[in-house]
Amino acid sequence: MPELAEVEYYRKQWSPGLEQKVVSVDVNYDKRIFRDVDTLALVKNLPGQQLMSSHTHGKQMLFVFGSQHWLGIHLGMTGKTSTQKKDYEATKHDHLVINLKLGLKLVLSDPRIFGKVRYTQSSEPPDWWSNLPPAVLSEAFTEARLEDFLQRRSRAPIKAVLLMQETFPGVGNWMADEILWRARLHPGTRCGAIKPKQRRELYHHLGEVCRDALKVIGSDWGKPPDNWLFNHRWKDGGICPKTQCPLVRETIGGRTTCWSPDWQGGPS
DNA sequence: CTATTTGTTTATCC
DNA sequence: AGGATAAACAAATA
(Lines give C-alpha, C1' and ligand atoms only; values in the text may rest on other atoms or scores of the structure.)
Protein backbone atom coordinates (compact mmCIF):
# COMPACT_ATOMS: atom_id res chain seq x y z
CA MET A 1 0.00 0.00 0.00
CA PRO A 2 2.47 2.59 1.10
CA GLU A 3 4.00 5.14 -1.26
CA LEU A 4 5.83 8.37 -0.47
CA ALA A 5 3.06 10.04 1.53
CA GLU A 6 1.75 6.92 3.25
CA VAL A 7 5.28 6.15 4.39
CA GLU A 8 5.53 9.63 5.89
CA TYR A 9 2.24 8.99 7.66
CA TYR A 10 3.49 5.69 9.06
CA ARG A 11 6.76 7.25 10.21
CA LYS A 12 4.79 9.57 12.44
CA GLN A 13 2.88 6.70 13.98
CA TRP A 14 5.92 5.95 16.12
CA SER A 15 6.41 9.57 17.21
CA PRO A 16 4.72 9.04 20.60
CA GLY A 17 7.81 6.98 21.39
CA LEU A 18 10.33 9.78 20.76
CA GLU A 19 12.73 10.35 23.67
CA GLN A 20 11.58 7.10 25.27
CA LYS A 21 13.91 4.31 26.22
CA VAL A 22 13.61 0.79 24.84
CA VAL A 23 12.93 -1.85 27.47
CA SER A 24 12.73 -4.95 25.28
CA VAL A 25 12.14 -6.06 21.71
CA ASP A 26 9.87 -8.88 20.50
CA VAL A 27 10.63 -10.40 17.13
CA ASN A 28 8.98 -13.06 14.95
CA TYR A 29 12.34 -14.58 14.19
CA ASP A 30 11.55 -16.77 11.20
CA LYS A 31 9.74 -14.13 9.18
CA ARG A 32 11.04 -13.08 5.80
CA ILE A 33 10.85 -9.42 6.78
CA PHE A 34 14.04 -10.01 8.86
CA ARG A 35 15.93 -11.76 6.04
CA ASP A 36 18.79 -9.25 6.21
CA VAL A 37 18.75 -8.59 9.94
CA ASP A 38 20.81 -9.98 12.77
CA THR A 39 17.71 -10.38 14.95
CA LEU A 40 19.69 -11.60 17.95
CA ALA A 41 21.76 -8.40 17.91
CA LEU A 42 18.59 -6.35 17.58
CA VAL A 43 16.94 -7.96 20.58
CA LYS A 44 20.11 -7.81 22.64
CA ASN A 45 21.40 -4.35 21.80
CA LEU A 46 18.40 -2.09 21.26
CA PRO A 47 17.17 -2.20 24.88
CA GLY A 48 18.54 0.73 26.86
CA GLN A 49 18.62 2.98 23.79
CA GLN A 50 16.42 6.04 23.32
CA LEU A 51 14.40 6.72 20.16
CA MET A 52 16.07 9.94 18.99
CA SER A 53 14.55 10.72 15.60
CA SER A 54 12.79 9.31 12.57
CA HIS A 55 13.10 10.05 8.87
CA THR A 56 11.75 9.00 5.49
CA HIS A 57 13.30 8.90 2.07
CA GLY A 58 10.98 7.68 -0.65
CA LYS A 59 9.53 4.45 0.68
CA GLN A 60 12.39 3.93 3.14
CA MET A 61 12.04 4.81 6.82
CA LEU A 62 14.82 5.29 9.34
CA PHE A 63 14.49 5.25 13.12
CA VAL A 64 17.56 6.32 15.05
CA PHE A 65 18.08 4.90 18.53
CA GLY A 66 20.81 6.36 20.72
CA SER A 67 23.85 7.50 18.78
CA GLN A 68 24.66 4.36 16.84
CA HIS A 69 21.59 2.17 16.34
CA TRP A 70 19.93 2.52 12.94
CA LEU A 71 16.64 0.73 12.33
CA GLY A 72 15.39 0.76 8.73
CA ILE A 73 11.86 -0.22 7.76
CA HIS A 74 10.41 -0.74 4.32
CA LEU A 75 6.68 -1.42 4.42
CA GLY A 76 6.46 -3.44 1.21
CA MET A 77 2.87 -3.93 0.12
CA THR A 78 1.03 -4.34 3.41
CA GLY A 79 3.31 -3.04 6.17
CA LYS A 80 1.94 -0.74 8.89
CA THR A 81 3.38 0.89 11.97
CA SER A 82 1.43 1.85 15.05
CA THR A 83 1.94 2.80 18.69
CA GLN A 84 -0.03 0.74 21.20
CA LYS A 85 -0.64 0.82 24.95
CA LYS A 86 1.00 -1.69 27.24
CA ASP A 87 -1.96 -4.06 27.42
CA TYR A 88 -1.93 -4.52 23.63
CA GLU A 89 -1.72 -8.14 22.56
CA ALA A 90 0.36 -8.71 19.47
CA THR A 91 -1.33 -10.52 16.58
CA LYS A 92 0.39 -13.01 14.32
CA HIS A 93 1.30 -10.31 11.80
CA ASP A 94 2.97 -8.06 14.39
CA HIS A 95 6.50 -9.12 13.52
CA LEU A 96 8.34 -6.46 15.50
CA VAL A 97 7.26 -4.96 18.82
CA ILE A 98 9.51 -2.47 20.60
CA ASN A 99 8.49 -2.12 24.23
CA LEU A 100 9.24 1.30 25.70
CA LYS A 101 9.37 2.67 29.20
CA LEU A 102 5.96 3.93 30.34
CA GLY A 103 4.40 0.95 28.58
CA LEU A 104 4.20 2.18 25.00
CA LYS A 105 4.71 -0.39 22.24
CA LEU A 106 6.01 0.45 18.78
CA VAL A 107 4.47 -2.17 16.50
CA LEU A 108 5.34 -3.16 12.94
CA SER A 109 2.82 -5.45 11.27
CA ASP A 110 2.96 -6.84 7.75
CA PRO A 111 0.65 -9.69 6.67
CA ARG A 112 2.27 -10.34 3.29
CA ILE A 113 5.83 -9.76 4.50
CA PHE A 114 7.02 -8.03 1.34
CA GLY A 115 8.46 -5.43 3.66
CA LYS A 116 12.00 -5.42 4.97
CA VAL A 117 13.67 -4.50 8.22
CA ARG A 118 17.28 -3.36 8.48
CA TYR A 119 19.40 -2.92 11.56
CA THR A 120 22.90 -1.53 11.72
CA GLN A 121 25.08 -0.60 14.67
CA SER A 122 27.67 2.00 13.74
CA SER A 123 28.72 5.53 14.55
CA GLU A 124 28.00 6.71 10.99
CA PRO A 125 24.72 6.31 9.08
CA PRO A 126 24.72 2.98 7.21
CA ASP A 127 25.13 2.72 3.43
CA TRP A 128 21.56 1.59 2.91
CA TRP A 129 20.52 5.02 4.16
CA SER A 130 23.22 7.38 2.86
CA ASN A 131 23.37 5.93 -0.65
CA LEU A 132 19.74 6.53 -1.56
CA PRO A 133 19.08 8.42 -4.80
CA PRO A 134 18.06 12.12 -4.68
CA ALA A 135 14.48 12.62 -3.50
CA VAL A 136 12.04 13.83 -6.13
CA LEU A 137 11.41 17.02 -4.14
CA SER A 138 15.11 17.76 -3.54
CA GLU A 139 17.25 20.36 -5.28
CA ALA A 140 19.28 17.60 -6.88
CA PHE A 141 16.28 16.26 -8.76
CA THR A 142 16.60 18.49 -11.79
CA GLU A 143 14.76 18.40 -15.09
CA ALA A 144 18.04 17.34 -16.70
CA ARG A 145 18.12 14.31 -14.44
CA LEU A 146 14.64 13.32 -15.56
CA GLU A 147 15.62 13.87 -19.17
CA ASP A 148 18.72 11.66 -18.91
CA PHE A 149 16.71 8.88 -17.41
CA LEU A 150 13.95 9.01 -20.01
CA GLN A 151 16.65 8.88 -22.64
CA ARG A 152 18.26 5.83 -21.10
CA ARG A 153 14.90 4.02 -20.79
CA SER A 154 13.67 5.18 -24.16
CA ARG A 155 12.06 1.87 -25.12
CA ALA A 156 10.20 1.22 -21.87
CA PRO A 157 6.67 2.49 -21.19
CA ILE A 158 6.66 5.60 -19.00
CA LYS A 159 4.40 3.92 -16.44
CA ALA A 160 6.98 1.21 -15.76
CA VAL A 161 9.76 3.78 -15.58
CA LEU A 162 8.02 5.98 -13.02
CA LEU A 163 7.93 2.99 -10.70
CA MET A 164 11.72 2.62 -10.70
CA GLN A 165 12.90 3.57 -7.23
CA GLU A 166 16.47 4.15 -8.38
CA THR A 167 15.26 7.40 -9.95
CA PHE A 168 11.81 8.16 -8.55
CA PRO A 169 12.06 7.14 -4.89
CA GLY A 170 8.63 7.01 -3.29
CA VAL A 171 6.55 6.90 -6.46
CA GLY A 172 4.23 3.90 -6.50
CA ASN A 173 1.34 2.64 -8.55
CA TRP A 174 -1.33 5.17 -7.70
CA MET A 175 1.06 8.14 -7.81
CA ALA A 176 2.40 7.10 -11.19
CA ASP A 177 -1.12 6.95 -12.63
CA GLU A 178 -2.00 10.28 -11.03
CA ILE A 179 1.12 11.95 -12.47
CA LEU A 180 0.53 10.64 -16.00
CA TRP A 181 -3.12 11.62 -15.88
CA ARG A 182 -2.30 15.18 -14.82
CA ALA A 183 0.44 15.40 -17.46
CA ARG A 184 -1.94 14.03 -20.12
CA LEU A 185 0.47 11.25 -21.02
CA HIS A 186 -0.69 7.77 -21.96
CA PRO A 187 0.93 5.28 -19.53
CA GLY A 188 2.06 3.09 -22.44
CA THR A 189 4.05 5.89 -24.08
CA ARG A 190 7.65 4.83 -24.74
CA CYS A 191 9.96 7.22 -22.90
CA GLY A 192 11.87 8.04 -26.05
CA ALA A 193 8.70 9.32 -27.70
CA ILE A 194 7.95 11.94 -25.04
CA LYS A 195 8.22 15.41 -26.56
CA PRO A 196 10.12 18.21 -24.77
CA LYS A 197 6.88 19.96 -23.93
CA GLN A 198 5.40 16.80 -22.44
CA ARG A 199 8.63 16.25 -20.54
CA ARG A 200 8.25 19.61 -18.83
CA GLU A 201 4.64 18.74 -17.96
CA LEU A 202 5.80 15.42 -16.56
CA TYR A 203 8.48 17.09 -14.44
CA HIS A 204 6.00 19.61 -13.11
CA HIS A 205 3.28 17.11 -12.20
CA LEU A 206 5.76 14.68 -10.71
CA GLY A 207 6.69 17.27 -8.11
CA GLU A 208 3.12 18.44 -7.75
CA VAL A 209 1.71 15.00 -7.00
CA CYS A 210 4.45 14.37 -4.43
CA ARG A 211 3.69 17.67 -2.67
CA ASP A 212 -0.08 17.21 -2.83
CA ALA A 213 0.10 13.65 -1.56
CA LEU A 214 2.31 14.66 1.37
CA LYS A 215 -0.07 17.47 2.26
CA VAL A 216 -3.25 15.40 2.13
CA ILE A 217 -2.13 11.91 3.13
CA GLY A 218 1.24 12.44 4.78
CA SER A 219 -0.11 14.54 7.63
CA ASP A 220 -3.22 12.69 8.79
CA TRP A 221 -4.31 10.41 5.93
CA GLY A 222 -7.03 12.74 4.73
CA LYS A 223 -9.22 11.86 1.78
CA PRO A 224 -7.90 13.24 -1.51
CA PRO A 225 -10.26 15.65 -3.30
CA ASP A 226 -12.55 14.34 -6.03
CA ASN A 227 -10.70 16.26 -8.73
CA TRP A 228 -7.80 13.80 -8.39
CA LEU A 229 -7.77 10.57 -10.34
CA PHE A 230 -7.22 8.82 -6.99
CA ASN A 231 -10.85 8.61 -5.94
CA HIS A 232 -11.98 7.16 -9.25
CA ARG A 233 -9.29 4.70 -10.23
CA TRP A 234 -10.08 1.65 -8.15
CA LYS A 235 -13.69 0.86 -8.78
CA ASP A 236 -15.22 -0.48 -11.96
CA GLY A 237 -17.10 2.12 -13.93
CA GLY A 238 -14.89 4.99 -12.78
CA ILE A 239 -15.35 8.32 -14.53
CA CYS A 240 -12.58 10.75 -15.50
CA PRO A 241 -13.06 13.98 -13.51
CA LYS A 242 -11.69 15.97 -16.45
CA THR A 243 -13.86 14.65 -19.26
CA GLN A 244 -16.65 12.66 -17.54
CA CYS A 245 -15.76 9.76 -19.82
CA PRO A 246 -15.15 6.19 -18.57
CA LEU A 247 -11.70 5.31 -17.22
CA VAL A 248 -9.85 2.25 -18.46
CA ARG A 249 -7.81 -0.28 -16.47
CA GLU A 250 -5.19 -2.53 -17.97
CA THR A 251 -1.85 -4.05 -17.02
CA ILE A 252 1.06 -1.89 -18.13
CA GLY A 253 4.60 -2.46 -16.92
CA GLY A 254 3.31 -5.45 -14.99
CA ARG A 255 0.97 -3.39 -12.81
CA THR A 256 -2.70 -2.48 -12.91
CA THR A 257 -2.87 0.90 -14.58
CA CYS A 258 -5.78 3.30 -14.83
CA TRP A 259 -6.09 6.08 -17.35
CA SER A 260 -8.54 8.23 -19.25
CA PRO A 261 -8.33 7.39 -22.98
CA ASP A 262 -9.88 10.57 -24.34
CA TRP A 263 -7.78 12.75 -21.99
CA GLN A 264 -4.41 11.00 -22.30
CA GLY A 265 -4.54 9.82 -25.89
CA GLY A 266 -3.01 6.63 -27.28
CA PRO A 267 0.39 5.03 -26.58
CA SER A 268 3.56 6.41 -28.23
C1' DC B 1 -12.04 -22.10 -5.89
C1' DT B 2 -10.16 -18.24 -8.49
C1' DA B 3 -8.57 -13.74 -9.23
C1' DT B 4 -6.73 -9.65 -7.37
C1' DT B 5 -3.47 -6.63 -4.63
C1' DT B 6 -0.81 1.02 -3.65
C1' DG B 7 6.35 -3.53 -3.91
C1' DT B 8 10.85 -5.32 -4.82
C1' DT B 9 14.19 -8.77 -6.29
C1' DT B 10 15.66 -12.34 -9.31
C1' DA B 11 15.70 -14.82 -13.51
C1' DT B 12 15.28 -14.87 -18.30
C1' DC B 13 14.91 -13.21 -22.72
C1' DC B 14 16.30 -9.94 -26.31
C1' DA C 1 26.36 -5.70 -21.75
C1' DG C 2 22.48 -3.67 -20.61
C1' DG C 3 17.62 -3.08 -20.92
C1' DA C 4 12.90 -4.99 -20.75
C1' DT C 5 9.70 -8.22 -18.91
C1' DA C 6 7.81 -12.10 -16.21
C1' DA C 7 7.91 -14.77 -12.10
C1' DA C 8 8.38 -15.26 -7.29
C1' DC C 9 7.66 -13.91 -2.65
C1' DA C 10 2.73 -14.53 0.97
C1' DA C 11 -1.74 -13.83 2.68
C1' DA C 12 -6.10 -11.48 2.90
C1' DT C 13 -10.12 -10.17 0.42
C1' DA C 14 -13.86 -10.30 -3.07
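Here we summarise the structure given alongside this text. (Residues numbered from 1 in each chain as written. Chains lettered and ligands numbered in written order. Predicted model: local features only at pLDDT ≥ 70, side-chain atom pairs only at ≥ 80, totals over all residues. Heavy atoms only, no water.)

The subject of this paragraph is the overall build of chain A. Across its full length, chain A carries eight helices and ten strands. Seen through its C-alpha atoms, chain A measures out along the principal axes to roughly 60 × 35 × 30 Å. Burial statistics for chain A: of 268 residues in total, 50% are counted as buried. Restricting to contacts in chain A with at least 6 residues of sequence separation, those with at least 24 account for 64%. Carbon and sulfur atoms make up 50% of the accessible area of chain A, which amounts to about 12800 Å² in all. Across chain A, the 37 positively charged side chains and the 29 negatively charged ones have centroids separated by 2 Å. (Helix = DSSP H or I, 4+ residues; strand = E, 2+ residues; numbered from the N terminus. Buried < 20%, exposed > 50% of the residue type's maximum accessible area, 1.4 Å probe, protein only. Contact = heavy atoms within 4.5 Å. Areas by Shrake-Rupley, 256 points an atom, 1.4 Å probe, with all protein chains shown as cover. Lys, Arg positive; Asp, Glu negative; His and termini not counted. Charge placed at Lys NZ, Arg CZ, Asp CG, Glu CD.)

Looking now at the packing of aromatic side chains. In this structure the tally under the stated criterion is nine aromatic pairs. Ring geometry for Phe141 versus Phe168: centroids 5.9 Å apart, planes at 55 degrees, classification tilted. Note that Phe141 is positioned in the loop between helix H3 (127–130) and helix H4 (143–152) and Phe168 in the loop between helix H5 (158–162) and helix H6 (173–182), a separation of 27 residues in sequence. The buried category is assigned to Phe168, whose relative accessible area is 0%. (Phe/Tyr/Trp six-rings, centres within 6.5 Å; stacked < 30°, edge-to-face > 60°.)

Most of H6 is tucked away, with ten of its ten residues classed as buried. Among the residues of H6, those classed as buried are Asn173, Trp174, Met175, Ala176, Asp177, Glu178, Ile179, Leu180, Trp181 and Arg182. Looking at the packing, one finds that the buried side of H6 touches helix H1 (4–12), H5, helix H7 (196–220), strand S10 (255–259) and helix H8 (261–264). Two residues or fewer after H6 comes Arg184, characterised by a positive phi angle close to 55 degrees.

Without other data, these values stay purely geometric and don't point to any function.
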